[in-house]
Amino acid sequence: MMHELTEIDVAPLDAEARRILELNDRGGYTVPTDGLYPYQWNWDSAFAGLGFAAVNIDRAWAEIETLFSGQWDNGMVPHILFHRPDPGYFPGPDVWGTEDAVGRGACAVASSGISQPPVAASLAWRIHQANTAAGADRLRALFPKLLAYHRWIMAARAETGAVVITHPWEAGRDNAPDWDEAMAGVDPVGVQPYTRRDTGHVDPRMRPTKEDYDRYIWLVQFGRDRKWDEAAIATESPFRVADPTMTFTTLRSTRDLAAMADLLGEDAGEIRDWVATLEEGAETLWNPALGAYDAKNLRTGNFAGSLSNASFLCWWGGLRGDRAVPALDALLARSPYALPSYDPEGPKFDHLRYWRGPVWGVMNYLAGNGMAEAGLTAQADRVRRDTARLIAENGFAEYFSPIDGTPAGGATFTWTAAVWLAWAS
Ligand code: 9WN
């Protein structure tokens, strides 16, 4: 399965990746792909910034700054910023109804009411490292905003030390098997009639089911009815799941925030306390039966039993030790292309259905870099080479089949282009 990068002609792919960033640039922010996702998404945007760092450092910082223009007064950074209305995506700002949300305050940018994996601090730190002279003032200006974001996460979402999601969209892994038990606990009674837009852009076999969508929309209505009040949602929602993606990306970003604080001469005491809390929380996600980190439904205490690409973000989170290596090696051995979002031998595997099997470049970037840092050189190499091979053979798709590499979801995808420019090439 290994592929020598020397066999890939990188120059035309570099050019295509740059063209995609330009194509999806809407002036200060980038859409994930034209049509399917016409707004600014949180973690997509952080990756877009990373991609731009290889092209235009000023534009890279602008991407992150525009993302934080949508930050609520309570520190939360929403998962979607609706800068300009677009009927091509559902649910839009009218459905989210965040105008009078608790905690939004004076923020004038229309947005959703949930967040997404907080990779912004980590990727801003890398953008800074790409050009420290150009980034000095930008980093200083961004730091208090990043700190406020993380203070919100720790206050609103880290009651067990691990970081919880209140909606599957918040994990960025929408229909992962990780949420199946919690989603079964949501009775979508009273969902107002709606028309999906995603299945008009993309083959429905590559998207979540109607059963999933009914529950996604029910959870949006649930939050909106409580004015997005975190305390009420924490007490009353049937859906509250501790997530490895959120936990490990938060942990890594918190470590990077501490490094920023040191550089800027700021006090890092509060930040280092968060690292300790998150490390203890990460331990609660270790599922011995799986031999890997797993999602945990806080309403039942049950693990999902899901071996996923998120399981192997532990090294990106800065955890060390090799107890997850046997499960990783087993997963790699049964995946023609690494890393599948769900175990190809698991009972819920579906090679094209979104987060129930396909490979995602951004997850490979995070997991692969973590493996390299932890000294898992062979595994890191395999993940990076497979990412390059998938893109070289199938284009800059949203995601790919781990079995035969079929490109799936949207095309000319921003974060796939960014991952190519920043790492895979
Ligand atoms: C909902 C934009 C986003 C990504 C997510 C991915 C998908 C949205 C959707 O697209 O989610 O947020 O409508 O399917 O799952 O990770 O940020 O690319």
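The structure presented is a predicted model; accordingly, all values stated were derived computationally and were not measured.

What is the right way to read the side chain of lysine 296 from this model?
Relative to the helices and strands, lysine 296 is located in strand E7 (residues 296-297). Engagement of the side chain of lysine 296 in a polar contact is seen with the backbone oxygen of threonine 284, the distance being 3.3 Å. Not counting the four nearest positions on each side in its chain, lysine 296 is found in contact with Arg240, Val241, Ala242, Thr284, Leu285, Gly301, Asn302 and Phe303.

Please clarify how empty space enclosed by the protein should be interpreted in this entry.
One simple way to see leftover space: roll a probe sized like a water molecule over the atoms. Under the defined criterion, the tally for this structure stands at 5 cavities of 30 Å³ or more. The computed volume of the largest cavity comes to approximately 200 Å³. Around the largest cavity sit 19 residues that line it, and Tyr37, Trp41, Gln116, Asp174 and Tyr354 are the ones nearest its centre. A breakdown of the residues in the lining of the largest cavity according to their chemical character gives 12 nonpolar, 3 polar and 4 charged. Approximately 70 Å³ is the volume found for the second largest cavity. Top element by residues in the lining of the second largest cavity is helix H10 (residues 210-225). It accounts for 4 residues. Among the residues making up the lining of the second largest cavity, the classes are represented as 6 nonpolar, 5 polar and no charged.

About the criteria used
Residues numbered from 1 in each chain as written. Predicted model: local features only at pLDDT ≥ 70, side-chain atom pairs only at ≥ 80, totals over all residues. Heavy atoms only, no water. Helix = DSSP H or I, 4+ residues; strand = E, 2+ residues; numbered from the N terminus. Polar contact = N/O pair within 3.5 Å; in protein donor to acceptor, adjacent residues only side chain to side chain. Contact = heavy atoms within 4.5 Å. 1 Å grid on protein atoms, 1.4 Å probe; cavity = no way out; pocket = protein on both sides within 12 Å on 5 of 7 lines; lining within 4 Å. Points joined across faces, edges and corners; volume = space filled by probe spheres on them. Nonpolar A, V, L, I, M, F, W, Y, C, P; charged D, E, K, R; others polar.

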